[in-house]
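# Geometric and topological summary
Chain by chain, the residues:
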Amino acid sequence: MLKYVIRGALLAACTAGFASAQAADPAAVENDEGKYYDAEGYPTFNIAEDGTVDFHTYSGFRRFNSECHVCHGPDGVGSTFAPALVESVQNMSYEDFVAIVAGGRENVGSGSQNVMPAFGTNPNIMCYLDDIYIYLRARGEGDLPRGRPAKKEAKSDVFSEMEDACMG
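All of these numbers come straight from a predicted model, not from anything done at the bench.

Cut-offs applied
Residues numbered from 1 in each chain as written. Predicted model: local features only at pLDDT ≥ 70, side-chain atom pairs only at ≥ 80, totals over all residues. Heavy atoms only, no water. Core = buried A, V, L, I, M, F, W, Y, C linked by side-chain atoms within 4.5 Å. Buried < 20%, exposed > 50% of the residue type's maximum accessible area, 1.4 Å probe, protein only. Contact = heavy atoms within 4.5 Å. pLDDT = per-residue confidence, 0-100. Helix = DSSP H or I, 4+ residues; strand = E, 2+ residues; numbered from the N terminus. Expected span 1.5 Å × (residues − 1). Bend = angle between axes of the 7 residues up to and from the residue. Polar contact = N/O pair within 3.5 Å; in protein donor to acceptor, adjacent residues only side chain to side chain. Pairing = 2+ DSSP bridges. Salt bridge = Lys/Arg side-chain N within 4 Å of Asp/Glu carboxyl O.

## Describing the nonpolar core
If you look at the biggest cluster of nonpolar residues, it comprises 32 residues, and the most contacted ones within it are Phe64, Phe97, Leu129, Ile132, Tyr135 and Leu136. Not counting chain neighbours up to four residues away, the residues in contact with isoleucine 132 comprise Gly60, Arg63, Phe64, Cys68, Phe97 and Ile125.

In structure tokens, the structure reads:
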């Protein structure tokens, strides 16, 4: 349970120097009280055959579309301001994702400049960072269509406790 609560916060502080790497296989192999992990131990999604998503994927949808869509477009498909995260998340490690969201990033190229502000002090993002990653991972894999998931698992007591502890 401890990894459930602090995984994102610790990684944000420790991963600024990681090199980009492609994300691991997203298949869920572990269920820790409603939160799923892949074989590498990274947070991932679980979608049942009837389309029911795990609560973290649903939470990620909600948080992404309340905080991130302004720049990255609805459902992570990109915009004129920022890239499609459904594509970007497929080409970066979990650690890089956390480091970029927490610390920001600036890309300067020939005639263009892209700036991702740091969100490391924003609890509306940092408390749900794993959920946002999980949602984008499901979208990027093509396993989750655009729009609000029609069915979701129930919110676990552990999720509620984590949320209360993080949001205060």
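## Re the confidence of the model for the protein
Residue-level pLDDT values for the protein average 84, and 86% of them are 70 or greater. Here helix 1 (residues 2-14) is the element of the protein with the lowest mean pLDDT, 41, and strand 4 (residues 52-53) is the one with the highest, 97. Taken as a whole, residues 1-20 scores under 50 in pLDDT and shows 39 contacts with residues more than four places along the chain or in a different chain.

## With respect to helix 2 (residues 55-72)
Quick reminder: α-helices carry 3.6 residues per turn. Residues three or four places apart thus point the same way. Between the first and last C-alpha of helix 2 there are merely 22 Å, a value that for 18 residues lags more than 12% behind the 26 Å anticipated at 1.5 Å per step. Where helix 2 bends most, at serine 66, the angle is about 50°. Two or three places before histidine 56, at the start of helix 2, stands the capping residue aspartate 54, its side-chain oxygen 3.1 Å from that residue's backbone nitrogen.

## Observations concerning the sheet that holds strand 3 (residues 43-44)
Pairing is antiparallel in the open sheet, where three strands are placed in the order 1-2-3. Looking at the sheet topology across the chains shown, the edges are occupied by strand 1 (30-32) and strand 3. Looking at chain direction, strand 2 (residues 35-37) and strand 3 are connected through two bridges and run antiparallel. Opposite tyrosine 36, over in strand 3, you have threonine 44 as the bridge partner.

## Things to note about the pattern of salt bridges
Tallying each qualifying case throughout the model produces five salt bridges. The partner of aspartate 130 in a salt bridge is lysine 35, and the shortest N-O contact between them spans 2.5 Å. Linking aspartate 130 in helix 6 (residues 129-141) with lysine 35 in strand 2, this pair joins segments that are 95 residues apart in sequence. Assessed through its relative accessible area of 3%, lysine 35 is described here as buried. We note a salt bridge from aspartate 50 to lysine 151, for which the minimum N-O separation is 3.6 Å. With aspartate 50 in the loop between strand 3 and strand 4 and lysine 151 in strand 7 (residues 151-152), this residue pair connects regions lying 101 residues apart in the sequence. Under the relative-accessibility criterion, aspartate 50 is labelled partly exposed at 48%. Lysine 151 gets classed as partly exposed once you look at its relative accessible area, which sits at 39%.

## Some details on the environment of asparagine 107
Looking at the element boundaries, asparagine 107 is found in strand 5 (residues 105-109). Not counting residues within four places of it along the chain, the set of residues in contact with asparagine 107 comprises Ser112, Gln113 and Asn114.

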